[in-house]
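Per-entry structural report
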Amino acid sequence: MRDRLLEHWKFSQGSSQDDEGEKLLRQFGSGYPSDPTCVAWLDNNPLRDPVFGYSDFVRFSWAPCKDRLADAAIPVVFRADLDEEEL
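Heads up: these notes are all about the structure in this document. (Residues numbered from 1 in each chain as written. Predicted model: local features only at pLDDT ≥ 70, side-chain atom pairs only at ≥ 80, totals over all residues. Heavy atoms only, no water.)

1. Digging into the nonpolar core
Within soluble globular proteins, side chains that are nonpolar generally end up buried alongside one another. In terms of nonpolar packing, the biggest core is built from 11 residues, these being Phe28, Cys38, Trp41, Leu42, Tyr54, Phe57, Val58, Trp62, Cys65, Leu69 and Ala73. The set of elements that each furnish at least two residues to this core consists of α3 (36-44) and α4 (63-72). Top element by residues in this core is α3. It accounts for 3 residues. Excluding its chain neighbours within four sequence positions, the residues that come into contact with Cys65 are Tyr54, Val58, Arg59 and Phe60. (Core = buried A, V, L, I, M, F, W, Y, C linked by side-chain atoms within 4.5 Å. Buried < 20%, exposed > 50% of the residue type's maximum accessible area, 1.4 Å probe, protein only. Helix = DSSP H or I, 4+ residues; strand = E, 2+ residues; numbered from the N terminus. Contact = heavy atoms within 4.5 Å.)

In structure tokens form, the structure reads like this:
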């Protein structure tokens, strides 16, 4: 079931990849952090944005995703998350 759904997944932000790029984009592996294909996909994903991170395809609460974004993304602080003394 999972593989069939993912085979036809439409990325919400679209993809301007050619056929070869689209094929690479879909080589995401099993989703387990011990899977080298999954790790390579996280590291080399052409749709990863420096501010917004990955598409809605990836759970941002997932530790491997959090770790990569902590290392490579632009830090963002939301005013609503700050305490009074931090404003």
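Now that the structure has been shown, the text picks up again.
2. Quick word on the packing of aromatic side chains
A ring pair, where both rings are aromatic, is described by two values, the distance of the centres and the angle of the planes. Enumeration according to the criterion identifies 2 aromatic pairs in this entry. Ring centres of Phe28 and Trp41 lie 6.3 Å apart, and the angle between their planes is 90°; this geometry places the pair in the edge-to-face category. Of this pair, Phe28 sits in the loop between α2 (19-25) and α3 while Trp41 is found in helix α3, placing the two residues 13 residues apart along the sequence. Trp41 carries the same exposure label as Phe28, and that label is buried. Judged by centre distance (6.3 Å) and plane angle (20°), the rings of Trp41 and Tyr54 are stacked. (Phe/Tyr/Trp six-rings, centres within 6.5 Å; stacked < 30°, edge-to-face > 60°.)

3. Overview of the pattern of salt bridges
Side chains that differ in sign of charge can pair as their charged atoms come close. For the structure shown, the criterion picks out 1 salt bridge. The partner of Asp43 in a salt bridge is Arg68, and the shortest N-O contact between them spans 2.5 Å. In this pair, Asp43 is assigned in helix α3 and Arg68 in helix α4, connecting sequence segments 25 residues apart. Of the residues examined, Asp43 reaches a relative accessible area of 36% and is grouped as partly exposed. (Salt bridge = Lys/Arg side-chain N within 4 Å of Asp/Glu carboxyl O.)

4. A word on the environment of Gly31
With respect to the secondary-structure elements, Gly31 resides in the loop between α2 and α3. Here the alpha-carbon distance between Gly31 and Trp41, two residues 10 residues apart in the chain, equals 9.7 Å.

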